[in-house]
Amino acid sequence: MQGSKKTFISGVHIFILPLVLFMFGLRVMAAEETVNPLYKLHIPQQDATTALLEFAQQVDITLVFPDDLVQGITANRTIGSYTQQEGIDNLLAGTGLIPKFSKDFILNITMKKSDYEGKAMTKNKMGLMGMFAALLAVDVSAKEEEGQKILNNTLEEIIVTARKRSQILQKVPISITAVSGEDLEHAGIKNVSDLALGVPGLAVTSTGPGQTEVIVRGMPGRSGESPTIGYYLDEVPISATTRNLDVMMFDLERVEVLRGPQGTLYGAGSMGGTVKYVGKRPNLSQFEGRAETTLSHIDGSSGLSRKANVVLNIPLQDEKLGLRLLGSHQSDKGFIDRYAIHPSDLAGIDPTVPVKPGANSMTQNGFRAILEYVPNENLTITPSLMHQKLEVDAPYLIDVPPGSIEDEKFIQTRLTREDREDEVTIANLTVNWERDLLGVTSSTSYFKRETPGIEDYTKIATALLELDTNVPWEQLDDNNTETFIQELRLVGSKDSLDYLVGIYYSDQESHIPDINPYSAEAYEVFGEEGQIFGFDTSYESDPRYKLTEKAIFAEATYNVTNALAVTVGLRAFEFESSFTDTEVGLFTGSNE
């Protein structure tokens, strides 16, 4: 038996604001062999329960300890390369907790009897109520006899940031699915359309690359001019009022899909849910590099499609400074053939004009750079930059008639080219400070997106003007959006209370001009110069939008018992929006 076992855990909780949640924890124990190489650990100073579970996840080991043993204890910051023993010793130094590997390679956490006085476990807290962290992957081939006994009881522990703090997936009291980057690559998931096939409640509509709309629990990604599904790349909101960005699905730590309203922490743009892409961070102590390439053939296309990705991790100063670089290239050959429209029949094909096979070819190039600087044990500074450009030669649309399928070929009829671009730049600076059980995070972001394109308006113009001759009419459109975002959060814990307080500010400006110029063929047919039917242009508009949002938000969770918690949340916000537009031309009846 070859391969590895993966388990996706999806919550089924309901989020209402104010919020009261009843959370019942699942405690399971699993066993797995340990190995002794160096492990890259990244565990901030925090409560011992969370720190131990993150340690177990990062070193692939089973960990067991009494539930009440570590309450009120703070574990040490452990960042760097360690063996399992070195890592756990550093993590628990000075806490009074004693780590010990059993002969079955299970790590047990105990305490000296004198220190444990007053912390004795009751019988109902023993056995299966011991806390654990299971492996992200179980190598079945290496342990077919012993490992198979524990496979059916193995759960996957994934650390997620859905609630703006690091939490174990199974403890997040909202409906969420998290898919690790490793699982994305093993499953061959290349975009959000592929992801939707395996995530409950997530659906996608798409008319081609860069033309994707995400739907969560039946709610579309936008309502009027406002997004209703949150879309995030790390700390940066990248939701769009038109179509969502095609994020590079390579070198990701995970993808989180939050179902249902996320208004408290993510705002009005997440009324239906949130999709969050979390990229991998630099390894500060180890040089890494990998590359992949894929060749494929789309049935009916004009040649081979190809995709290549490369990632390079460079530690610039051991345990202090590291750089992670990602490059991506994709080129897909088209599978829709373009025919010219017949001069006198809108539904016909002009047989005198050569066919353009595979008109809808596309190319996408992009890169991502992340720099991480850790000047001391409490502070982490992470600037990042992402840029990608998509070029599509024609829309992924077919015409019915003249022939949706003819001899098993897809057909579209046009008189003008319909290429478009989607160019995106995202810059972010995240500063994170942690000490004991208190953390402060500042995220400053700049997001720019430009989507120039051409659309064939021949059929629309000919029908509206009741023309006898078909001549080219095209629309030149562009969508330029620039957004500045600042968010500041304070996260902390005290006794049984976990709390989060934050402020949010965003300023977005959009310029979306549309121009429908006359073609040279139109001037020839209508025999006029400078104007047709007395108008300088068929249509021209110049809309401009401005949207400013200010918000404060807070959430508090009181852990009544280990199995019961009460959460309340609040978000207060203010929107300011403005819109201006000027429309002139033949279709508006005005030259001014």
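Scroll up a little and you will see the structure.
Residues numbered from 1 in each chain as written. Predicted model: local features only at pLDDT ≥ 70, side-chain atom pairs only at ≥ 80, totals over all residues. Heavy atoms only, no water.

Student: Can you help me understand the sheet that holds strand S7 (residues 97–101) in this one?
Tutor: Strands belonging to one sheet form pairs held by backbone hydrogen bonds; the direction of such a pair is parallel or antiparallel. Taken in spatial order, the three strands make up an open sheet running S4-S8-S7, and their pairing is mixed. Every interior strand has two partners, whereas the edge strands, strand S4 (63–64) and S7, have only one. Sheet analysis places S4 next to strand S8 (residues 107–111), joined by two bridges and oriented parallel. Paired with Leu63 across the strands is Leu107, a residue of S8. Along the sheet, helix H2 (residues 84–92) contacts S7 and S8; its crossing angle with S7, the most-contacted strand, is approximately 170°. (Pairing = 2+ DSSP bridges. Helix = DSSP H or I, 4+ residues; strand = E, 2+ residues; numbered from the N terminus. Contact = heavy atoms within 4.5 Å. Axes fitted to C-alpha atoms, helices over the stretch in contact; angles between N-to-C directions.)

Student: It is not clear to me how the pattern of salt bridges should be interpreted in this structure. Could you clarify?
Tutor: This structure, assessed with the given rule, holds 18 salt bridges. Here Glu292 ties to Lys190 by a salt bridge, and the two come within 3.8 Å at their closest N and O atoms. With Glu292 in strand S21 (residues 288–297) and Lys190 in the loop between helix H4 (181–186) and helix H5 (192–196), the pair connects residues that are 102 residues apart, well separated along the chain. By relative accessible area, which is 24% here, Glu292 ends up partly exposed. The closest approach of N and O atoms between Lys546 and Asp507, which form a salt bridge, is 2.9 Å. Within this pair, whereas Lys546 is found in strand S38 (residues 544–559), its partner Asp507 is found in strand S35 (residues 497–511), the two being separated by 39 residues in sequence. Members of the salt-bridge network, linked through shared partners, are Asp399, Arg414, Glu418 and Lys459. (Salt bridge = Lys/Arg side-chain N within 4 Å of Asp/Glu carboxyl O. Buried < 20%, exposed > 50% of the residue type's maximum accessible area, 1.4 Å probe, protein only.)

Student: Could you clarify how one ought to interpret helix H1 (residues 48–59) in this entry?
Tutor: Think of an α-helix as turning once every 3.6 residues; residues three or four places apart then point the same way. With 12 residues, H1 ought to run about 16 Å at 1.5 Å a step, and its terminal C-alpha atoms sit 16 Å apart, in line with that. Counting buried positions over the 12 residues of H1 gives 11, a clear majority of the element. Within H1 the residues assigned to the buried category are Ala48, Thr49, Thr50, Ala51, Leu52, Leu53, Glu54, Phe55, Ala56, Gln57 and Val59. Asp60 occupies a position one or two residues after H1 and carries a positive phi of about 55°. (Expected span 1.5 Å × (residues − 1).)

Student: Where do I start with the environment of Phe410 in this structure?
Tutor: By the element assignment, Phe410 lies in strand S29 (residues 410–413). Residue classification places Phe410 among the partly exposed residues on the basis of a relative accessible area of 33%. Residues Phe410 and Pro357 lie 53 residues apart in sequence; the distance between their C-alpha atoms is 9.9 Å.

Student: Honestly, the environment of Asp60 in this entry has me stumped. Any pointers?
Tutor: Its location among the elements puts Asp60 in the loop between H1 and S4. Using a relative accessible area of 35% as the deciding quantity, one classes Asp60 as partly exposed. In the structure, Asp60 is positioned 24 residues away from Gln84 in sequence and 9.4 Å away in space, judged by C-alpha atoms.

Student: So what exactly am I meant to see when it comes to the sheet that holds strand S18 (residues 236–237) here?
Tutor: Spatially, S12-S19-S20-S17-S18 is the arrangement adopted by the five strands of the open sheet, whose pairing is mixed. Looking along the sheet, the strands with just one partner apiece sit at the ends: strand S12 (176–180) and S18. As judged from the five bridges shared by S12 and strand S19 (residues 252–259), these two strands associate in the antiparallel manner. Of the residues in S19, the one forming a bridge with Ile176 is Leu258.

Student: Even after reading the chapter, I still don't get the side chain of Arg414, so can you show me in this structure?
Tutor: Among the structural elements, Arg414 can be located in the loop between S29 and strand S30 (420–435). A distance of 3.0 Å separates polar atoms of two side chains, one belonging to Arg414 and the other to Asp399. If near-sequence neighbours (up to four positions away) are discounted, Arg414 is found in contact with Arg338, Tyr339, Ala340, Ile341, Pro395, Leu397, Asp399 and Asp456. (Polar contact = N/O pair within 3.5 Å; in protein donor to acceptor, adjacent residues only side chain to side chain.)

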